[in-house]
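Commentary on secondary and tertiary structure
So the chains spell out like this:
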Amino acid sequence: MPLRPETASDLLIDGKLTPGSGGVFDVVNPATEEVIGQAAEATAADMDAAIAAARTAFDTTEWSRDHAFRARCLRQLRDALLAHADEFRELTIAEVGCPSFLTHGPQFEGPVTDLGYFADLAESYEWSRDLGEARPMGIKNHRELRSEAVGVVGAITPWNFPHQINFAKIGPALAAGCTVVLKPAPDTPWCAALVGKVVAEETDLPPGVLNIVTSTDHRLGEQLSTDPRVDLVSFTGSTATGKKVMAAASESLKKVFLELGGKSAFIVLDDADVGSACAMAAFNVVTHAGQGCAITTRLVVPRPRLDEAITGTRDALAGLPPGDPTSSGTICGPLISERQRQRVESYIELAKQEGGTIEIGGGRPADKPNGFFVEPTLISGLDNSARVAQEEIFGPVLVIIAHDGDDDAIRIANDSPYGLSGMVYGTDEDRINKVVNGVRTGTMGVNGGIWYSADVPFGGYKQSGIGREMGVAGFEEYLETKAVARPA
Ligand code: NAD
């Protein structure tokens, strides 16, 4: 079955590919600004049907108890998706504007391959644990703990790494025995809809186990958050929306799992190789045009070496211009939409108003009249209290800040509402460890270390979220614990 854009305009509800009741909406290629096709426009009635299907599949089938069957379905889905890798790659680059090289990793192959990790977990997880005997109130009892699926999961996802985030929810939720309604972002419906097509036509996933509802209407996300038939909302997106999801979910007191924004610090200690640190910081911030929640967007360098760091970073950014995402050499593609580009540009303007200096970039690349491109940009001359150092910009924009020693660097890193990720460059292990221990974030890299992997839980401290995605911890987010006791 070839996957073509015109085949991505259906919803997946109760195992069937169905048109959206609201018609279709346009899908735009962010690198060309061309309309490249349509996706299904779901309505509240479609979402209602999807939630009903997920509820029925959870309540009336053996899906949640048949661990081996789920593992088989997940491996089957992985293999079917990988068999279409080239088609997915092409459509993902066209829809997301992500550089081609990333589709070999987190923008497709990585998370699809990781379905195998969650299939293995479904089989190997200790679903029941013997707690032995105890004498509560003087009566001898034998106790056991059982892990059970939470139930129906509403998965709400953003556009920046659609496959990574969709599968980081679908994989563990299905492996745990939940059923899922996925609502992807309006900017990237195809990445999800094509998965729906593969599920319907090439796998044995029972009807209702995975439902996919594309729409431009954010209220469908709200519907997932409020509907009492949904047991857990797994949300990735901005902190502002995450707060709304949490508030909406409180009415039915459903569980919430939130992966939100970040403003991570890249700390360079005074014994580090400043040149290679700045080159890595520049590479990080331009990757996928800075549209990553865990990208380090504050470069915190020793004050005596500030000028050297500015020069090194500026030179590195000059070598990483925005390019055509279909080209294998491109690291920095376009932003997802004109709306996002204007948002990024407004932050660059704000930096100037706040007294910052634009060391490089700051505008649109002259050689790219089409596409939502922004030049890689370095801002200096501000301290950590500036709004561009405090707020998430979500573009290829790096703010360089001077620190006055290791403790000050830790203080600056933590002077943020967020706590998602970070990086430290240095030589002395004790000093590096002090920074790793001191920075309050869910992940930290050391000297360019990459933590991203299926078995590594990812998530944030503070306003970067609640809970962990991926790894055993990410799988357990989708489980309830039941204690069972009987007289011994
Ligand atoms: P967003 O918050 O605008 O939208 C995310 C999703 O929420 C979309 O599917 C949207 O339709 C839906 N939505 C919007 N309003 C809603 C509401 N009131 N109730 C329920 N759902 C609603 O985010 P975005 O602009 O698509 O993505 C960028 C943001 O995502 C950035 O802030 C980024 O840091 C964050 N992000 C976080 C992680 C992480 O793992 N921590 C990963 C990627 C992106």
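1. Notes on unusual backbone geometry
The phi dihedral of H288 is positive, around 50°, even though this residue is not glycine. Within the secondary structure, H288 is located in the loop between α10 (274-286) and β13 (296-302). What makes H288 buried here is its relative accessible area of 0%. Positive phi values are uncommon outside glycine, yet A289 reaches one of about 55°. Among the secondary structure elements, A289 is positioned in the loop between α10 and β13.

2. Remarks on the nonpolar core
In terms of nonpolar packing, the biggest core is built from 75 residues, with L81, L174, V180, V181, F475 and Y478 touching the most fellow members. Beyond its immediate stretch of four places on either side in the chain, F475 contacts L121, Y125, W127, P172, A175 and A176. The next biggest cluster of nonpolar side chains, apart from the first, holds 57 residues, and it includes V301, L350, V388 and V397.

3. Quick look at the domain arrangement of the protein chain
Each assigned domain of the protein chain is listed here: domain 1 (5-260 + 464-487) and domain 2 (264-453). With 29 residues of domain 1 at the interface, the matching set in domain 2 holds 32 residues. Taking both sides of the interface into account, the surface hidden between domain 1 and domain 2 amounts to around 2300 Å²; carbon and sulfur atoms contribute 63%. Broken down residue by residue, the surface that domain 1 buries against domain 2 is led by E33, W159 and S464, which jointly contribute 24%. Where domain 1 packs against domain 2, one counts one salt bridge. Between R339 and D187 there is a salt bridge, with the nearest N and O atoms lying 3.4 Å from each other. At the surface where domain 1 touches domain 2, the tally comes to nine residue pairs in polar contact (both at pLDDT 80 or more). Per-element tally for the side of domain 1 that touches domain 2: the top contributor is helix α3 (residues 85-96), with three residues.

4. Things to note about the site of the ligand
Near the ligand there are 28 residues, and of these T157, H218, S238, L260 and E392 occur at the shortest range. Here an oxygen atom of the ligand and a side-chain polar atom of S238 are 2.8 Å apart. One of the side-chain N or O atoms of E392 is found 2.5 Å from an oxygen atom in the ligand. Contact with the protein chains hides 91% of the accessible area of the ligand, taken as 860 Å² for the molecule alone.

5. Things to note about the sheet that holds strand β22 (residues 479-487)
Spatial ordering of the open sheet is given by β5-β6-β22, a layout of three strands whose pairing is antiparallel. Single-partner strands in this sheet number two, and they are β5 (128-134) and β22. Within the sheet, the average angular offset between the axes of one strand and its neighbour, ignoring direction, is 20°. Examined bridge by bridge, β5 and strand β6 (residues 141-149) share six bridges and lie antiparallel to one another. By the bridge assignment for β6, D130 is matched with E144.

6. As for the pairing of β6
What sits between β5 and β6 in their antiparallel hairpin is a turn of six residues, with M137 showing a positive phi close to 55°. In the sheet, β6 pairs with β22 via nine bridges, with the strands oriented antiparallel. Directly across from N141, in β22, lies its bridge partner P487.

7. Observations regarding the packing of helix α1 (residues 44-60) against helix α8 (residues 219-226)
A pair of packed helices is characterised by two quantities: the angle between their axes and the separation of those axes. Packing of α1 against α8 brings their axes to within 10 Å, and their N-to-C directions diverge by 35°. Crossing of α1 over α8 shows right-handed handedness. Across from A44, M47, D48 and I51 in α1, the residues of α8 making contact are L220, Q223 and L224.

8. Some words on the packing of aromatic side chains
Applying the stated criterion to the full structure yields 10 aromatic pairs. Seen in terms of ring centroids, F88 and F108 are 4.8 Å apart; in terms of plane orientation they differ by 15°. Their pairing is stacked. Of the two residues, F88 is situated in helix α3 and F108 in the loop between α3 and α4 (109-113); the sequence distance between them amounts to 20 residues. Note on accessibility: F88 and F108 belong to one class, buried. Taking the centre distance of 5.9 Å and the plane angle of 75° together, the rings of W127 and F475 count as edge-to-face. One end of the pair, W127, is in the loop between α5 (115-124) and β5; the other, F475, is in helix α16 (residues 471-476), and 348 residues separate them in sequence. Exposure class is identical for W127 and F475. Each is buried.

Reading the values: the criteria
- Residues numbered from 1 in each chain as written.
- Predicted model: local features only at pLDDT ≥ 70, side-chain atom pairs only at ≥ 80, totals over all residues.
- Heavy atoms only, no water.
- Helix = DSSP H or I, 4+ residues; strand = E, 2+ residues; numbered from the N terminus.
- Buried < 20%, exposed > 50% of the residue type's maximum accessible area, 1.4 Å probe, protein only.
- Core = buried A, V, L, I, M, F, W, Y, C linked by side-chain atoms within 4.5 Å.
- Contact = heavy atoms within 4.5 Å.
- Domains from an automatic or database assignment.
- Buried area = accessible area lost by both parts, 1.4 Å probe.
- Salt bridge = Lys/Arg side-chain N within 4 Å of Asp/Glu carboxyl O.
- Polar contact = N/O pair within 3.5 Å; in protein donor to acceptor, adjacent residues only side chain to side chain.
- Near = heavy atom within 4 Å.
- Areas by Shrake-Rupley, 256 points an atom, 1.4 Å probe, with all protein chains shown as cover.
- Pairing = 2+ DSSP bridges.
- Axes fitted to C-alpha atoms, helices over the stretch in contact; angles between N-to-C directions.
- Left-handed = near helix turned anticlockwise from the far one by under 90°.
- Phe/Tyr/Trp six-rings, centres within 6.5 Å; stacked < 30°, edge-to-face > 60°.

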